[in-house]
Amino acid sequence: MKPCYGVCFAFIFLSFCCVAQNDFYNNKINQTTITYLNLGVGVNHTGVFSIGTEIPVAEKFSVFCDLGVGGWGVKFGAGFSYYFKNIAKGGAVSLGYYRVSGSADKTIDVLNEAGNEIPIFLNATGTLNATYSHHIKIGKKHKLSFFGGYGVAMFNKDRAYETMVLNDPVDDFSRRYISLLHPDGFILGVKFMFGLGGR
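Once a new chain begins, its residue numbering starts again from 1 and follows that chain's sequence as written. Restriction of local features to residues with pLDDT of at least 70 applies here, the model being predicted, together with a cutoff of 80 or more for giving and counting side-chain atom pairs; totals for whole chains, interfaces and linings are based on all residues. The side-chain quantities take in all heavy atoms of the structure and omit both hydrogens and water.

Draft legend 1. Structural detail: the overall build of the chain. In DSSP terms, a helix is any run of H or I states spanning at least four residues, a strand is any run of E spanning at least two, and both are numbered starting from the N terminus. Within the chain, the secondary structure is distributed over 2 helices and 11 strands. Secondary structure of the chain in N-to-C order comes out as α-β-β-β-β-β-β-β-β-β-β-α-β. Each residue's exposure class comes from its accessible area (1.4 Å probe, protein chains only) as a fraction of the maximum for that residue type: buried when under 20%, exposed when over 50%, partly exposed otherwise. The buried share among the 199 residues of the chain stands at 34%. The long-range share in the chain, meaning contacts at least 24 apart out of those at least 6 apart in sequence, stands at 59%. Here the accessible surface of atoms and residues is derived via Shrake-Rupley with a 1.4 Å probe, and residues count as covered only by protein chains that are part of the display. With an accessible surface of roughly 12,000 Å², the chain has 68% of that area assigned to carbon and sulfur atoms. Note on contacts: a residue pair is in contact if any heavy atoms of the two residues lie within 4.5 Å.

Draft legend 2. Region of the structure containing the confidence of the model for the chain. On average, residues of the chain score 82 in pLDDT, and 81% of them are at 70 or above. Per-residue pLDDT stays below 50 along residues 5–27; that stretch engages in 5 contacts with residues further than four places along the chain or on separate chains. Per residue, pLDDT measures the predictor's confidence, with a range of 0 to 100.

Draft legend 3. Fine view of the sheet that holds strand 5 (residues 90–100). When DSSP finds two or more bridges between two strands, those strands count as paired. The 8 strands are arranged 1-2-3-4-5-8-9-11 in a closed barrel whose pairing can be described as antiparallel. Within the sheet, the average angular offset between the axes of one strand and its neighbour, ignoring direction, is 25°. Here strand 9 (residues 142–153) pairs with strand 11 (residues 185–196) via 9 bridges, running antiparallel. Among the inter-strand pairings, lysine 143 is bridged to a residue of strand 11, identified as methionine 193. Angles shown run from 0 to 180 degrees and are taken between the N-to-C directions of axes, each axis being a line fitted to C-alpha atoms and, for helices, limited to the stretch in contact.

Draft legend 4. Here's a closer look at the side chain of asparagine 44. Following the sequence through the fold, asparagine 44 ends up in the loop between strand 1 (35–43) and strand 2 (49–56). We call two N or O atoms a polar contact when they sit within 3.5 Å, provided that within protein one can donate a hydrogen and the other can accept it, with sequence-adjacent residues counted only if both atoms are side-chain atoms. A polar contact of 2.8 Å, which involves the side chain of asparagine 44, links it to the backbone oxygen of aspartate 184. At 3.1 Å, the side chain of asparagine 44 forms a polar contact with the backbone oxygen of phenylalanine 186. The residues contacting asparagine 44, other than those within four sequence positions of it, are Lys75, Asn129, His182, Pro183, Asp184, Gly185, Phe186 and Ile187.

Draft legend 5. View of the packing of aromatic side chains. The aromatic pairing rule takes the rings of Phe, Tyr and Trp, using the six-membered ring of Trp, and pairs them if the centres are within 6.5 Å, calling planes under 30 degrees apart stacked, those over 60 edge-to-face and the rest tilted. A full pass over the atoms with the stated rule returns 5 aromatic pairs. An aromatic cluster of three or more residues is present, and its members are Phe61, Tyr82, Phe84 and Tyr132. A ring is considered to have a charge above it if a Lys NZ or an Arg CZ atom is located within 6 Å of its centre and within 35 degrees of its normal. If you follow lysine 143 out to its NZ or CZ, it ends over the ring of tyrosine 36, 4.3 Å from the centre. It is lysine 191 that lies over the ring of phenylalanine 147; its NZ or CZ is 5.6 Å from the centre.

Draft legend 6. The arrangement of the pattern of salt bridges in detail. A pairing counts as a salt bridge when a side-chain nitrogen of Lys or Arg comes within 4 Å of a carboxyl oxygen of Asp or Glu. Enumeration over the complete set of coordinates arrives at 4 salt bridges. Close ionic contact of lysine 143 with glutamate 54 constitutes a salt bridge, the shortest N to O distance being 3.7 Å. Taken together, the residues lysine 143 in strand 9 and glutamate 54 in strand 2 connect sequence positions 89 residues apart.

Draft legend 7. Geometry of the environment of tyrosine 161. Tracing the backbone shows tyrosine 161 in strand 10 (residues 161–163). On the basis of relative accessibility, which here comes to 11%, the residue tyrosine 161 falls in the buried class. Residues tyrosine 161 and serine 103, spaced 58 residues apart in sequence, show a C-alpha to C-alpha distance of 9.4 Å. Once residues lying within four places of it in the same chain are set aside, the contact partners of tyrosine 161 are Ile120, Phe121, Leu122, Asn123, Val170, Arg175 and Ile178.

Draft legend 8. Structural detail: the sheet that holds strand 6 (residues 108–111). With antiparallel pairing, 3 strands are arranged side by side in an open sheet as 6-7-10. Of all the strands in the sheet, just strand 6 and strand 10 have a single pairing partner and so form its edges. In this sheet, adjacent strand axes meet at a mean angle of 45° when their direction is disregarded. The sheet contact formed by strand 6 and strand 7 (residues 117–122) spans 4 bridges and is antiparallel. Bridge pairing in strand 7 links valine 110 to isoleucine 118. Helix 2 (residues 172–181) contacts strand 6, strand 7 and strand 10 of the sheet and is inclined by roughly 130° relative to strand 6.

Shown next as C-alpha cells:
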C-alpha cells in the first residue's frame, strides 16, 4: 500500500506544480508585452526625433535601445530601466549610455561675438543619461511616457569640436552656442510606445 500512497502523492504534487506553472504563465509571461516600439521627441535624450525599442526582462526590469537625430548628429543609446510598480504603467528610473556621431567630415558654422562665421567639426562624443519617466497606459498594450533627467558628458567638452582656423577664433559667445548643441545637460521628452505581443 505504501508504494501506492507514494505514487498518489507524487501525482498530486506534480499536478499542483503544473497548475501553478500554468497559472504563472497565464498571469505573468503570456500577459506581459513582449516588446515596445516607440516614437519620441525631446531635448538631449536621443536627439530631437527618435525611434527605439524596450524589451521587458522581468516584471519590473527592461532593457532598451534608441536611435535618433539631433544637433550633434546621429545618436544611438542603450540601457536598462527599473519600474516601481510594473512595466505597463507608473514611474521608472533609467540609466543609459548614448553615443553621438558628430558632423563626420562636414563642418557647421557658428558665430563669434564679432559676427564672424567659424567653420567647425563636431567630434563623436558620448553621454551617460539618468532619467525618471512616468508611463500612462493606453488601451491594453500601449503607453505614453513623459521623462526628464540629466546627461553627463563622458569626454572633455573642449575636445568635442575642432576649428579649421589656426588661430582659434572661438570665443565665449561661440562656446555657449556649441554647449547648447552638445548632447549633455537637462533632458526632457515624451514617447508613444506601441506594445507588441502578449494578450
